[in-house]
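Coordinates in review
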Amino acid sequence: MASRKAILNWCDEILQTHTFKDYAPNGLQVEGREDTEHIVTAVTASRAAIHYAVEQQADMLLVHHGMFWKSEPLTVTGWKKERIAALLKHDINMAGYHLPLDAHPELGNNAQLAAIMGWKTEYCCGEQNLLNIGVPVEPITLAGLGKKLSETLQRKPVVIGSADKPVKRIAWCTGGAQGFFQTASDEGVDVYVTGEISEAQFHLAQETGTAFISAGHHATERYGIQALGKEIAQKFDVKVDFFDEQNPA
Ligand SMILES: [Zn+2]
């Protein structure tokens, strides 16, 4: 057993939460009981993840995408009321770490995606250092990279660019980071890999010559929260398990 406060203070410290400007609060978002024995991790604090945490009689749901995003209405109604009501009824803590968990050099989504894909990070740049630049372990074509992403992440990516293009340098940022494409292209990489694509990136890929791969928001962001969970399980006397959802987006 460990105290919620000790676990979350440790997370704040290791993730350097205070150094980020974010769109949602990082750390505790919905307060539950103080004593923590069982933590469920998930990408998103969805209804399904909350129900799983309730079923497992977990004390904490720890996620990458919490609630209370800046763009959302401030009211607690509808689906948001349902989620919060379930957490409060069962006295389950819900904590979220967003950008700090994307950016952490070992546990972060970007670092973890690189690790499972075998990419070597050279440096980080762009907005809040969220853009990663690096190289694949071995020479690969754009089509080969698409295939490897598809097999590793178990989701078919959208690949924009010519199939036989050699990929020597890669830029990546997990999740909904299609807006960083111009910055990635300016770094002179062969391809930019992120989680989502909007209409404009198709044209930018054609016109800049930098290839673009959208590999799935959920699919690219499954790994940071699991790495954080493993670290917590080693550091504290708690059980941690990961809830995965089938999310094609
Ligand atoms: Zn995300």
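Residues numbered from 1 in each chain as written. Predicted model: local features only at pLDDT ≥ 70, side-chain atom pairs only at ≥ 80, totals over all residues.

Cut-off, in case you're wondering: UniProt positions are given in the numbering used here, feature names are shortened, and annotations may be inferred rather than shown by experiment.
Taking an unreviewed UniProt entry as the reference, the protein is identified by name as GTP cyclohydrolase 1 type 2 homolog belonging to Neisseria weaveri. The record in UniProt for the protein states the following under Sequence similarities (unreviewed entry): "Belongs to the GTP cyclohydrolase I type 2/NIF3 family." The record held by UniProt for the protein lists under Subunit (unreviewed entry) the comment "Homohexamer."

Things to note about the overall build of the protein
Heads up, the rule is: Runs of H or I in DSSP of at least four residues are treated as helices and runs of E of at least two as strands, each being numbered from the N terminus. Computation of the radius of gyration draws on C-alpha atoms alone. For the globule rule, the value is 2.2 Å times the number of residues to the power 0.38. In this scheme every C-beta is placed from the backbone, and a residue whose C-beta has 20 or more other C-beta atoms within 10 Å is buried, one with 12 or fewer is exposed, and one in between is partly exposed. Note on contacts: each residue gets a C-beta atom placed from the backbone, and two residues are in contact if those atoms are within 7 Å.
Along its length, the protein carries ten helices and 15 strands. What you see for the protein is a C-alpha radius of gyration of 19 Å, in line with the 18 Å of a compact globule of 249 residues. Taking the principal axes of the C-alpha coordinates as reference, the protein spans close to 55 × 40 × 30 Å. Here the protein holds 249 residues, and 45% of them are scored as buried. Contacts spanning at least 24 positions in sequence make up 62% of the contacts within the protein whose residues lie at least 6 apart.

Examining the pairing of strand β4 (residues 38–44)
Stated formally: A pair of strands is treated as paired once DSSP finds two or more bridges between them. If the strands point away from the viewer and the path from the first strand over the helix to the second runs clockwise, then the crossover is right-handed.
Of all seven residues in β4, six are buried; the element is thus mostly enclosed. Relative to strand β15 (residues 239–243), β4 is paired through five bridges, and the arrangement is parallel. Among the inter-strand pairings, Ala-42 is bridged to a residue of β15, identified as Phe-243. Pairing between β4 and strand β5 (residues 60–65): five bridges, direction parallel. Residue Thr-44 lies in a different strand from β5, and its bridge partner there is His-65. The β-α-β motif built from β4, the intervening helix α2 (residues 47–55) and the parallel element β5 has right-handed crossover chirality.

A few points about the UniProt feature "binding site: a divalent metal cation 2" (unreviewed entry) in the protein
According to UniProt, the feature "binding site: a divalent metal cation 2" (unreviewed entry) maps to His-64 in the numbering used here. Tracing the chain through its elements places His-64 in strand β5. In this structure, His-64 is in contact with Val-43, Gly-96, Tyr-97, His-98, Leu-101, Glu-221, Gly-224 and Ile-225, ignoring residues within four places of it in sequence.

What about the sheet that holds β15?
Our working definition: Working convention: axes come from line fits to C-alpha atoms, limited for helices to the stretch in contact. Angles between N-to-C directions cover 0 to 180 degrees.
Pairing is mixed across the open sheet formed by five strands, whose spatial order is β2-β6-β5-β4-β15. At either end of the open sheet lies a strand with only one pairing partner, and these are β2 (27–30) and β15. Ignoring strand direction, the axes of neighbouring strands in this sheet form an average angle of 30 degrees. Helix α1 (residues 4–15) rests against β2, β5 and β6 (93–96) of the sheet, and its axis sits at about 130 degrees to β2.

Quick look at the UniProt feature "binding site: a divalent metal cation 1" (unreviewed entry) in the protein
The UniProt record marks His-65, Asp-102, His-217 and Glu-221 with the feature "binding site: a divalent metal cation 1" (unreviewed entry), using the residue numbering of this structure. Look at the named residues: they lie 157 residues apart in sequence, but the longest C-alpha span between them is just 12.0 Å, so in the fold they bunch up. The residues touching His-217, leaving out its near neighbours within four places in the chain, are Gly-175, Gly-176, Gly-195, Glu-196 and Ala-249. Once residues within four sequence positions are removed from consideration, Glu-221 is found in contact with Val-43, His-64, Asn-109, Thr-174, Gly-175 and Gly-195.

With respect to the domain arrangement of the protein
Defined as follows: Here the bounds of each domain stem from an automatic or database domain assignment.
With domains assigned, the protein is organised as domain 1 (2–102 + 221–243) and domain 2 (119–217). Each of domain 1 and domain 2 was reduced to a C-alpha centroid, and the two centroids are 29 Å apart. In this complex, domain 1 contributes five residues to the contact, which on the side of domain 2 involves six residues.

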